[in-house]
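These are the residues of each chain, in order.
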Amino acid sequence: MSRSRTLALFAVVTVVYGTAFPAVKTGLDFLPPLLFVAARNYLAAVLLLGYVGLTAEYRTPRTRGDWAAVLTGGAFLMGGVGFGFVGQQFITSGVAAIIFSLSPIVTGLLAWPLLPDERLAGRDYLGVLLGFLGVAIIVRPDPSALVDPAVVGKLLVFVGVSVVALGTVLVRRSRPEMPIPALTGWAMVIGATIQVGFAVAIGESLAAVRVTPLAIGMVGYLGVFPGAIGFVLYLTLMAEVGALKANLVTYLTPVVALVVGWLFLAERVQPVTLLGFGVIVAGFALLESRELAGELAKYRGLVR
C-alpha cells in the first residue's frame, strides 16, 4: 500500500471513530442507552457476518479457543461498550472520547497478569500510573460530590474502558483460530443480547424510543461505519503499519470528537480536561517507549 493510501486510511479511521462519540450523544436524545447500543451491535453484527459469509469459509466457532473468544468478547469486549453509552448521558462526547483513549494503557495493565508474554517492567509502571493520573485529573473525584451526574458519567465510561480492555485481553488469551471479523460479529450478537437483557432488567422500554429520522440515522451510522466498516478498515491499517502506529488512532479520535462536539453540539472543553488528556498520552508514550524507540530507529535508518 502506498504512503498516500496509508495516510488516507489512517485519516478515515480516525474520523469514523472520532465522530462515533458525538453520534452516540445525539442518539441518546431519542433512545435509551442500552437499547441504543444493542441496536448498533446487532446491525454491525449483521454487516460483519454478511461480509464474512462472502469472503471467508471459516464463518462460525469451531475450536474451544474460538468459543472462549466469542463468549468473553461478547460479554466483555462488546458488552462493556454499554457502560460508555450509559455514561455519555451525563458528559460531553469529547470527555468520553478522552477517557476511552486510556484503553491501550488499561489493556497493558490487565495483560500483565493474564498474558505471560506481556509483562510490565521498569518504566511501564510509571506509564500506567500517568495514564490513571490523567483520568483522575479529568474525573476529579470529590467525596462530597460522588453522586454528581457528571462524575457518575465519567466513572461509568471509565468502567466501560476497563471492561472492554479486559475483553480484549481475554480474547487474546483464548488464542482463537477463526477470522477476527467473524469472531467480532458473533461477539456483537452476544454483547447485544446481554445489553437487551440488562435494558429489560433496569426498566428500559421500547415505549421510550422516539423513532425519528435522526434517531434512525444515528443507529445506522454507528452500526455501519464505526461498528462494521471502521472495524475492517482499522484491521487493514493495523496489518499495514503495525499495532503501535494503529494505536495512534486512539489519541487522535478525541481531537475529532472534541471538534465535532464543539461545532455541532455546542460542547465546551475545559482546560483541565485537555491537561488530563495530555497526561494520558504521556503515559502511553512511556508505556510504549521501547517500541517507539524502535520505530524512530527505523525512521532514522531510512533517512540516512
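Residues numbered from 1 in each chain as written. Predicted model: local features only at pLDDT ≥ 70, side-chain atom pairs only at ≥ 80, totals over all residues. Heavy atoms only, no water.

J.: Looking at this model, I keep getting lost on the overall build of the protein. Mind explaining?
T.: A tally of regular secondary structure across the protein gives 14 helices and zero strands. For the protein, the sequential pattern of α-helices and β-strands runs α-α-α-α-α-α-α-α-α-α-α-α-α-α. For the protein, the C-alpha radius of gyration of 19 Å lies close to 19 Å, the compact-globule estimate for 304 residues. Expressed as lengths along the three principal axes of its C-alpha atoms, the size of the protein is roughly 65 × 55 × 40 Å. (Helix = DSSP H or I, 4+ residues; strand = E, 2+ residues; numbered from the N terminus. Rg over C-alpha atoms; globule rule 2.2 N^0.38 Å.)

J.: What am I meant to see in a nonpolar patch on the surface here?
T.: On the surface, a cluster of nonpolar side chains totalling about 700 Å² of accessible area is made up of L252, V255, V259, W262, L263, F264 and L265. Note that V259 resides in helix α12 (residues 248-265). (Patch = residues over 30% accessible without salt bridge, like charges linked within 9 Å, V, L, I, M, F, W, Y side chains within 5 Å. Areas by Shrake-Rupley, 256 points an atom, 1.4 Å probe, with all protein chains shown as cover. Salt bridge = Lys/Arg side-chain N within 4 Å of Asp/Glu carboxyl O.)

J.: Looking at this structure, how should I read the nonpolar core?
T.: Side chains that are nonpolar tend, in soluble globular proteins, to be buried together. Residues I99, L102, I105 and I280 are the most contacted members of the largest nonpolar core, which totals 28 residues. For this core, the secondary-structure elements that each account for two or more residues are α5 (93-100), α6 (103-114), α7 (124-139), α8 (149-174), α12 and α13 (271-287). When residues of this core are assigned to their parent elements, the largest contribution, six residues, is made by α5. Residues in contact with I105, not counting those within four places in the same chain, are G127, V128, G131, Y251, I280, G283, F284 and L287. Core analysis: the second largest hydrophobic core is formed by 19 residues, A23, V24, L35 and L222 among them. (Core = buried A, V, L, I, M, F, W, Y, C linked by side-chain atoms within 4.5 Å. Buried < 20%, exposed > 50% of the residue type's maximum accessible area, 1.4 Å probe, protein only. Contact = heavy atoms within 4.5 Å.)

J.: Help me out: how do you make sense of the environment of G108 in this one?
T.: Locating G108 in the fold gives a position in helix α6. Using a relative accessible area of 17% as the deciding quantity, one classes G108 as buried. Separated by ten residues in the primary sequence, G108 and E118 have C-alpha atoms spaced 7.7 Å apart.

J.: Explain the side chain of Q195 here, please?
T.: Looking at the secondary structure, you find Q195 in helix α9 (residues 180-201). Taking relative accessible area as the criterion, Q195 reaches 2% and is therefore assigned buried. Not counting residues within four places of it along the chain, the set of residues in contact with Q195 comprises L34, V37, A38, N41, M78, G79 and G82.

J.: How should the environment of L71 be read in this particular structure?
T.: Mapped onto the fold, L71 is located in helix α3 (residues 64-78). Judged by its relative accessible area of 47%, L71 falls in the partly exposed class. Considered as a pair, L71 and M188 are 117 residues apart in the sequence and their alpha carbons are 9.8 Å apart.

J.: Even after reading the chapter, I still don't get the packing of α5 against α8, so can you show me in this structure?
T.: To describe two helices that pack against each other, one gives the angle between their axes and the distance between the axes. The interhelical angle for the contact between α5 and α8, taken along N-to-C directions, is 35°, at an axis separation of 9 Å. Relative to α8, the crossing made by α5 is right-handed. Every residue of α8 that contacts α5 at V95, A96, I99 and F100 is listed here: K154, V157, F158 and V161. Grouping the amino acids of the contact of α5 with α8 by side-chain chemistry returns seven nonpolar, no polar and one charged. (Axes fitted to C-alpha atoms, helices over the stretch in contact; angles between N-to-C directions. Left-handed = near helix turned anticlockwise from the far one by under 90°. Nonpolar A, V, L, I, M, F, W, Y, C, P; charged D, E, K, R; others polar.)

J.: Just to check I follow, could you spell out α6 for this structure?
T.: Helical periodicity: at 3.6 residues per turn, an α-helix aligns residues three or four positions apart in one direction. Spanning twelve residues, α6 covers 16 Å between terminal C-alpha atoms, matching the ideal 16 Å at 1.5 Å per step. Along α6, the residues classified as buried are P104, I105, V106, T107, G108 and A111. Tucked into the core, α6 has its buried residues touching α7, α8, α12 and α13. (Expected span 1.5 Å × (residues − 1).)

J.: What is the right way to look at the packing of α7 against α8 in this model?
T.: Two elements in contact, α7 and α8, have axes whose closest approach is 10 Å; the angle formed by their N-to-C orientations is 155°. On the basis of their axis angle, the class for α7 and α8 is roughly antiparallel. Along the contact surface, α7 presents F132, V135, I138 and V139, while α8 presents V151, K154, L155 and F158. Across the contact of α7 with α8, the residue classes break down as seven nonpolar, no polar and one charged. (Parallel < 35°, antiparallel > 145°, perpendicular 65-115°, else oblique.)

J.: How should the environment of T14 be read in this particular structure?
T.: In this fold, T14 is placed in helix α1 (residues 3-27). For T14 and A246, which are 232 residues apart along the polypeptide, the C-alpha to C-alpha distance reads 9.8 Å. The residues touching T14, leaving out its near neighbours within four places in the chain, are V249, L252, T253 and V256.

J.: In this structure, what is going on with α12? I would like to understand it.
T.: With 18 residues, α12 should reach 26 Å at 1.5 Å per residue; the first-to-last C-alpha distance of 25 Å fits that figure. Every buried residue of α12 is listed here: V249, T250, Y251, T253, P254, V256, A257, L258, V260 and G261. Of the residues one or two after α12, A266 is the one with positive phi, at around 55°.

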